[in-house]
There are 2 protein chains.
Amino acid sequence: MTAPERISKRNAIRQEMEARILSAAEKVFAEAGFGGATMQLIADMAGLPKANLHYYFATKEELYRKVVRQIFEIWLHAADSFDNAPGPVEGIGAYIDAKMDISRRHPFGSKVWASEVMHGAPVIQDYLETTLREWTSGRAALIQRWIDEGKMAPIDPRHLLYMLWATTQHYADFGHQIETLNGGRALSDRQWKAAKDSVKAIILKGIGAI
Amino acid sequence: MTAPERISKRNAIRQEMEARILSAAEKVFAEAGFGGATMQLIADMAGLPKANLHYYFATKEELYRKVVRQIFEIWLHAADSFDNAPGPVEGIGAYIDAKMDISRRHPFGSKVWASEVMHGAPVIQDYLETTLREWTSGRAALIQRWIDEGKMAPIDPRHLLYMLWATTQHYADFGHQIETLNGGRALSDRQWKAAKDSVKAIILKGIGAI
DNA sequence: TCGTTTTCTGACCGTATGGTCAAGATCACG
DNA sequence: CGTGATCTTGACCATACGGTCAGAAAACGA
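What counts, and where the lines are drawn
Residues numbered from 1 in each chain as written. Chains lettered and ligands numbered in written order. Predicted model: local features only at pLDDT ≥ 70, side-chain atom pairs only at ≥ 80, totals over all residues. Heavy atoms only, no water. Helix = DSSP H or I, 4+ residues; strand = E, 2+ residues; numbered from the N terminus. Expected span 1.5 Å × (residues − 1). Buried < 20%, exposed > 50% of the residue type's maximum accessible area, 1.4 Å probe, protein only. Near = heavy atom within 4 Å. Polar contact = N/O pair within 3.5 Å; in protein donor to acceptor, adjacent residues only side chain to side chain. Nonpolar A, V, L, I, M, F, W, Y, C, P; charged D, E, K, R; others polar. Salt bridge = Lys/Arg side-chain N within 4 Å of Asp/Glu carboxyl O. Phe/Tyr/Trp six-rings, centres within 6.5 Å; stacked < 30°, edge-to-face > 60°. Lys NZ or Arg CZ within 6 Å of the ring centre and 35° of its normal. Domains from an automatic or database assignment. Contact = heavy atoms within 4.5 Å. Buried area = accessible area lost by both parts, 1.4 Å probe.

## Here's the deal with helix H6 (residues 107-118) of chain B
Three or four residues apart is the spacing at which side chains of an α-helix point the same way, because the helix has 3.6 residues per turn.
Residues and elements named next belong to chain B.
Phase 1 of the analysis: Between the first and last C-alpha of H6 there are 16 Å, a value that for 12 residues agrees with the 16 Å anticipated at 1.5 Å per step.
Phase 2 of the analysis: When you tally the buried positions in H6, you get 10 out of 12 residues, the bulk of the element.
Phase 3 of the analysis: All of the buried residues in H6 are Gly109, Ser110, Lys111, Val112, Trp113, Ala114, Ser115, Glu116, Val117 and Met118.
Phase 4 of the analysis: With its phi angle positive at about 95°, glycine 120 sits one or two positions after the end of H6.

Here it is as structure tokens:
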């Protein structure tokens, strides 16, 4: 694919810089939205002058686009757990686990994605229409197969997928609300496990897989 | 409660103006976020000069606050269907129906709320800590009672509530994504009904209520 | 070491935004 | 009809923002 880049101090610096900027940008975009985020704030959080930030990412939109695609890639990868599963209990169970873990580990990315979609997906509409559409069709077909094989109740696969996305991402996107209702404290390890188990229990039982 | 306002041309104009502005603001805030929304755009959409908009709502934040509280009130009202229900099938079923209807009827308000919470609820944090916290505790207790009475499986009531919120609001907040995956067309009456039925079927069965 | 390329940075610029203001238009009411 | 209150509006202002640029500093390859 890409030519194997020479290892040099320059390349190392570049990689580390881009990662630091992307991380800062993810956080700022998540907390302020695209419109509310400022290049100055991102630069400050990444610890470099604004002009230097513009050297690595020419425009705000280019930086934003990179951030959005990053979380999308992570989610696509998480769906691997879906495949090669003998049935819904393993496949959907593993998918819920994976998506819940991502919600905990990448709450900012999830929020940026949510914000992007809510605003009409101006930047990643093409992804929705190609990659996501194909992905969804494929998994819907897989779920339908499970239904045909009698491994779960006859449920519209698409609405099930929406439910999986909604429920798992809610713990990232509405994390602040959940935290507030949890007495102002972030969910503990134990509570995250309880959340995962609740979600899995209700959905797997709800689709007649257990 | 409030003193019965005299009916005059002025009062009528004021009410109609405020409603028109709030409606326009809801849409603009939903589509651009608080930071991306401009008073000029809201004014244009409401059909009046920007200076006149500032006459009715002194600051952007004041206008935004009104919009956020509006959707919150609507949701609180929808929860009435929860009460006075003999059991989870009726109570939760009616709640899902109500919230799904709101998602269809007020998608902009839902998005504004989601955006607000995602950004750390800077404007309605007090609501979260008072009204919402009380509301949640009350419903959680009600669900627990149903569990104790053997009307449903023993599930953490809070995670069930999160699931209800997540799933129903997803159809508003991620409506654009759903529309794209639906071939670019908004969900039809029939499809909305299918969505409602799917959600209700999975959750009610998942909690062992049916 | 020397010339070239890449990286860094303070100063700067045009524009758009939230908000103000003063003067005019419209309405309420005695 | 006249007077005060409410409403409307174009012009205006200070600020903050995204983005530019010229030149300094550092890294590279020979």
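Let us keep going from here.
## Observations regarding the protein's contact with DNA strand D
Phase 1 of the analysis: Around DNA strand D, the structure places 20 residues, and the nearest of them are Arg10(A), Arg14(B), Ala51(B), Tyr55(B) and Tyr56(B).
Phase 2 of the analysis: Here the atoms of DNA strand D within 4 Å of the protein split so that 63% fall in sugar or phosphate, with bases taking the remainder.
Phase 3 of the analysis: For DNA strand D, a phosphate oxygen lies 2.4 Å from a polar atom in the side chain of Arg14(B).
Phase 4 of the analysis: Of all the secondary structure elements, the ones that give two or more residues to the surface near DNA strand D are helix H1 (9-36) and helix H3 (50-56) of chain A together with helix H1 (9-36) and helix H3 (50-56) of chain B.
Phase 5 of the analysis: If you tally residues by element for the surface near DNA strand D, the top one is H3(B), at 4 residues.
Phase 6 of the analysis: Partitioned by chemical class, the residues of the surface near DNA strand D number 8 nonpolar, 5 polar and 7 charged.

## Details of the pattern of salt bridges
All names here are of chain B.
Phase 1 of the analysis: Counted by the stated rule, this structure contains 22 salt bridges over all chains.
Phase 2 of the analysis: The salt bridge partner of arginine 20 is glutamate 16, with a shortest N-O separation of 3.3 Å. Taken together, the residues arginine 20 and glutamate 16, both in helix H1 and 4 residues apart, mark about one turn of the helix.
Phase 3 of the analysis: Judged by relative accessible area, which is 34%, arginine 20 ranks as partly exposed.

## Quick notes on the packing of aromatic side chains
Aromatic rings in a pair are described by how distant their centres are and how their planes are angled relative to each other.
Phase 1 of the analysis: One pass over the full model with this rule turns up 30 aromatic pairs over all chains.
Phase 2 of the analysis: Between the aromatic rings of Phe34(A) and Tyr64(A), the centroid separation amounts to 4.8 Å while the plane-to-plane angle is 65°, which identifies the pairing as edge-to-face. Here Tyr64(A) lies in helix H4 (residues 60-78) and Phe34(A) lies in helix H1, a separation of 30 residues in the sequence.
Phase 3 of the analysis: When its relative accessible area of 31% is taken as the criterion, Phe34(A) is described as partly exposed.
Phase 4 of the analysis: Here Tyr64(A) falls in the buried class, since its relative accessible area comes to 6%.
Phase 5 of the analysis: Taken together through their ring pairs, the aromatic side chains of Phe82(A), Tyr95(A), Trp135(A), Trp146(A), Tyr162(A), Trp165(A), Tyr171(B) and Trp192(B) make up a single cluster.
Phase 6 of the analysis: Geometry around Trp75(B) places Lys99(B) over its ring, the cationic atom sitting 4.8 Å from the centre.

## Quick word on the domain arrangement of chain A
Residues and elements named next belong to chain A.
Phase 1 of the analysis: Domain boundaries assigned for chain A yield domain 1 (1-58) and domain 2 (69-206).
Phase 2 of the analysis: Just the C-alpha atoms count here: the centres of domain 1 and domain 2 sit 28 Å apart.
Phase 3 of the analysis: Counting from both sides, the interface comprises 6 residues of domain 1 and, opposite them, 5 residues of domain 2.
Phase 4 of the analysis: Summed over both partners, the interface of domain 1 with domain 2 comes to about 560 Å²; 67% of that surface belongs to carbon and sulfur atoms.
Phase 5 of the analysis: Linking domain 1 with domain 2 are 0 residue pairs in polar contact (both at pLDDT 80 or more).
Phase 6 of the analysis: Residue classes in the side of domain 1 that touches domain 2 are distributed as 3 nonpolar, no polar and 3 charged.

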